[in-house]
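Below, each chain spelled out in residue letters.
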Amino acid sequence: MAQRFAASHSAAVKRAGFEGEGLALGNALFEGILNGRSGMVFAIDDFEEAFANLGFDDNKIRLNVGEMLAEVDGLAAMQDQIEEDASFPFILAAGERRMNTANCAIRDPRWMDSNDATSLAIHPSDAKRIGVMDGGNVRIVTKAGEAVIDIRYDERQQPGSVAIPNGLGMLYPNESGHEIAMGIAPNDLTSLDNKDKFVGTPFHKYVPARLELV
């Protein structure tokens, strides 16, 4: 890669301080990368040459991506791209950042300084409507899977929405040496069927779900 870049951008590589011609310039660039202790400047562009890097004779940037034009029209009309399913009345945010899970490294239950680090957050009105008290258990069901989880009342949640934290679902040995699950793995409740149609990223923050009493 260093050789190819040096061959096609030799002037820029030389302006960055590397010397040589042909393969020698590529070797110098490669050695510089290997010997550098941190980031390095490998090329310095000249403003007058910048437009040539666009690759078009008219030196214009192509912004008209045909596949995206229909999506732009949909955004202007505020069209909802996700089909609603009455059997999944809640929207789950699978991967909420919380104080105990922000670094995705908390596994040992003894490290938790609160009892709601692994809970499902739900607005009190929704919890009371389905008949579960603060701290009670429910079964959360999505098209990808299901799990039993305790809930906590959280008035910051919008009615109709629930959330579980990120970074959990790992197995951890208890005092008897038996492996127990620490929370719920968000990926167990998300599906590739519910994804962005261009890049294939699942809608982790928009997962249709329902809650059932245990």
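For the structure given in this document, a descriptive report is provided here. Quick caveat: nothing in here was measured; it's all calculated off a predicted structure.

**Topic: unusual backbone geometry**
Unusually for a residue other than glycine, Asn-59 sits at a positive phi of about 55°. Secondary-structure assignment places Asn-59 in the loop between helix 4 (47-50) and helix 5 (66-76). Asn-59 gets classed as partly exposed once you look at its relative accessible area, which sits at 37%.

**Some details on the sheet that holds strand 2 (residues 120-122)**
Strand pairing in a sheet is mediated by backbone hydrogen bonds. Such pairs are either parallel or antiparallel. Reading around the circumference, 1-5-2-4-3-8 is the order of the 6 strands in this closed barrel, with mixed pairing throughout. The sheet shows a mean angle of 45° between the axes of neighbouring strands, direction not considered.

**What to know about a nonpolar patch on the surface**
A surface patch of nonpolar side chains, about 440 Å² in accessible area, is lined by Val-65, Met-68, Val-72, Phe-198 and Val-199. Along the chain, Val-72 turns up in helix 5. For Val-72, a relative accessible area of 48% puts it in the partly exposed group.

**Let's talk about the pairing of strand 1 (residues 90-96)**
As paired strands, strand 1 and strand 8 (residues 207-213) are joined by 3 bridges and run antiparallel to one another. Note that in strand 8 the partner of Ile-91 across the bridge is Pro-208. Of the pairings in the sheet, the one linking strand 1 to strand 5 (residues 161-165) comprises 5 bridges and is parallel in character. Considered in strand 5, the bridge of Glu-96 is made with Pro-165.

Definitions and limits used
Residues numbered from 1 in each chain as written. Predicted model: local features only at pLDDT ≥ 70, side-chain atom pairs only at ≥ 80, totals over all residues. Heavy atoms only, no water. Helix = DSSP H or I, 4+ residues; strand = E, 2+ residues; numbered from the N terminus. Buried < 20%, exposed > 50% of the residue type's maximum accessible area, 1.4 Å probe, protein only. Pairing = 2+ DSSP bridges. Axes fitted to C-alpha atoms, helices over the stretch in contact; angles between N-to-C directions. Patch = residues over 30% accessible without salt bridge, like charges linked within 9 Å, V, L, I, M, F, W, Y side chains within 5 Å. Areas by Shrake-Rupley, 256 points an atom, 1.4 Å probe, with all protein chains shown as cover. Salt bridge = Lys/Arg side-chain N within 4 Å of Asp/Glu carboxyl O.

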